[in-house]
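Listed below, chain by chain, are the residues.
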Amino acid sequence: MKLLSASEKLSLIRITTRPTVNDYIPLIFSDFTELHGDRCFGDDNAVMGGIAFFNSMPVTVIAQVKGRNLEENKRSNFSMPHPEGYRKALRLAKQAEKFNRPVICLVDTPGAFCGIDAEKRGQGEAIAKNLMEFMTLKVPIISVVLGEGGSGGALALAVCDELAMLENAIYSVISPRGFASIIWKDPSKESEAANLMKITAADLLRFGVCDKIIDEPPGGAHNDCQLTASNISEYIHDAIERLSSKEPDLLLDERYQKYRKIGMFNE
């Protein structure tokens, strides 16, 4: 099978038929009950969260919502959360801690929304607070990058004990288009940027950012959503088993060490 380049994977994960959380949640979890609002400003359709059962175990699910057409994308702001989305996610994560439920985060965003209203409502603070609070949450946190994992908008739901990525997913500090705009002042060089940035699942597994690559069917997740969901479910089952037996102090220490050791450099 031909190995895809980063730019080819970028094109693949943006096709409109690629499964979204609206496809995966019913296949992976049962009795999902969505909870709304951040108890501060309002609700954000770019972030879906609630309580569900996973193999008869109660869990909290927090997911970024991509649409498959213009209307769905307008409803979810093209999967670019506002600060109230991140505050909703944190509210549900703290609720999960209170009731000792594992937290499952499904990441799929090009990045946090950078509009004026979002900045006025504290976009940077909301993301930063999630980073801080998720680092000290005393229950297992498992994050899965389904497609795009863009910058701090993704990281706000990806401070976790284990991070997995679908085979064709990408995870980056900035979008390839943003990278090209800064480095070459030419956003049309997006594909060239993607191939330079080391943003694929294989790259990030090698760097220690990603802990597991979840297989997709040949040609991509859209060719067999059921199989992809089964592969995600199998990974979550194994991860919960590994993490649930650990005492909170050990869980927090290992989470801290996970982030302390990330990175590669030359001297």
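(A) Structural context of the overall build of the protein. When helices and strands are tallied, the protein shows twelve helices and eight strands. Taking 18 Å as the expected radius of gyration for a compact globule of 267 residues, we find that the protein reaches 17 Å, a close match to that expectation. In the structure as shown, the protein presents an accessible area of about 12,700 Å², 54% of it carried by carbon and sulfur atoms. Between the centroid of the 31 positive side chains of the protein and the centroid of its 36 negative side chains there is a distance of 4 Å.

(B) Layout of the pattern of salt bridges. Applying the stated criterion across every chain yields a total of 18 salt bridges. The salt bridge partner of Glu84 is Arg121, with a shortest N-O separation of 2.8 Å. Taken together, the residues span a long stretch of sequence, with Glu84 in helix α4 (residues 83-98) and Arg121 in the loop between α5 (116-120) and α6 (123-135) at a distance of 37 residues. In this structure Glu84 comes out as buried when scored by relative accessible area, which is 4%.

(C) Main features of the packing of α4 against α6. Relative orientation of the contacting elements α4 and α6 amounts to 20 degrees, with a least axis distance of 8 Å. Here α6 runs roughly parallel to α4, going by the angle between their axes. Seen along the crossing, α4 lies across α6 with a hand that is left-handed. Between α4 and α6, the residues in contact are Pro83, Tyr86, Arg87, Ala89, Leu90, Ala93 and Lys94 and Gln123, Glu125, Ala126, Ile127, Lys129, Asn130, Glu133 and Phe134, respectively.

(D) Region of the structure containing the packing of aromatic side chains. Under the criterion given, the structure shown has two aromatic pairs. Consider the rings of Phe179 and Trp184, whose centres lie 5.9 Å apart with planes at 70 degrees: the pair is edge-to-face.

(E) Geometry of helix α2 (residues 21-28). When we look at burial in α2, the residues that qualify are Val21, Tyr24, Ile25 and Ile28. One side of α2 holds all its buried residues, which, seen down the axis, span an arc of 100 degrees.

(F) Representation of the packing of α2 against helix α11 (residues 225-244) within the structure. Packing of α2 against α11 brings their axes to within 9 Å, and their N-to-C directions diverge by 60 degrees. Accordingly, the angle class assigned to the pair α2 and α11 is oblique. In the packing of α2 onto α11, the handedness of the crossing is right-handed. From α2, Asp23, Tyr24, Leu27 and Ile28 reach across to α11, where they touch Cys225, Gln226, Thr228, Ala229, Ile232, Ser233 and Ile236.

(G) Expanded view of the pairing of strand β3 (residues 57-64). Extensive coverage of β3 is indicated by the burial of six of its eight residues. Pairing analysis gives eight bridges linking strand β2 (residues 47-54) to β3, with the strands arranged antiparallel. In the sheet register, Gly49 faces β3, and the bridge partner there is Ile62. The turn joining β2 and β3, which pair antiparallel and follow one another in sequence, is formed by two residues; a positive phi near 50 degrees is taken by Asn55.

(H) Geometry of the state of the cysteines. Under the criterion given, the structure shown has zero disulfides. Free of any disulfide, Cys105 has its nearest neighbouring cysteine sulfur in Cys160, separated by 7.6 Å. Overall, Cys105 belongs to the buried group, its relative accessible area being 0%.

(I) Fine view of the nonpolar core. Within the largest apolar cluster, 58 residues are counted, with the highest numbers of intra-cluster contacts made by Tyr24, Phe29, Ile62, Leu106, Phe134 and Ile236. At eight residues, α11 tops the list of elements feeding residues into this core. Other than its neighbours up to four places away in sequence, Phe134 contacts Ile62, Ala89, Leu90, Ala93, Cys105, Ile141, Ala156, Leu157, Val159 and Arg255. Counting residues in hydrophobic clusters, the runner-up holds nine residues, among them Ala6, Leu10, Ile170 and Ala194.

(J) Representation of the side chain of Asp203. With respect to the secondary-structure elements, Asp203 resides in helix α10 (residues 201-207). Residue Asp203 is classed as buried on the basis of its relative accessible area of 11%. A distance of 3.4 Å separates a polar side-chain atom of Asp203 from the backbone nitrogen of Ile199.

(K) Spotlight on the environment of Lys120. Along the chain, the position of Lys120 falls in helix α5. Considered as a pair, Lys120 and Pro83 are 37 residues apart in the sequence and their alpha carbons are 9.5 Å apart.

Procedures and definitions
Residues numbered from 1 in each chain as written. Predicted model: local features only at pLDDT ≥ 70, side-chain atom pairs only at ≥ 80, totals over all residues. Heavy atoms only, no water. Helix = DSSP H or I, 4+ residues; strand = E, 2+ residues; numbered from the N terminus. Rg over C-alpha atoms; globule rule 2.2 N^0.38 Å. Areas by Shrake-Rupley, 256 points an atom, 1.4 Å probe, with all protein chains shown as cover. Lys, Arg positive; Asp, Glu negative; His and termini not counted. Charge placed at Lys NZ, Arg CZ, Asp CG, Glu CD. Salt bridge = Lys/Arg side-chain N within 4 Å of Asp/Glu carboxyl O. Buried < 20%, exposed > 50% of the residue type's maximum accessible area, 1.4 Å probe, protein only. Axes fitted to C-alpha atoms, helices over the stretch in contact; angles between N-to-C directions. Parallel < 35°, antiparallel > 145°, perpendicular 65-115°, else oblique. Left-handed = near helix turned anticlockwise from the far one by under 90°. Contact = heavy atoms within 4.5 Å. Phe/Tyr/Trp six-rings, centres within 6.5 Å; stacked < 30°, edge-to-face > 60°. Arc of directions from axis to C-beta. Pairing = 2+ DSSP bridges. Disulfide = S-S within 2.5 Å. Core = buried A, V, L, I, M, F, W, Y, C linked by side-chain atoms within 4.5 Å. Polar contact = N/O pair within 3.5 Å; in protein donor to acceptor, adjacent residues only side chain to side chain.

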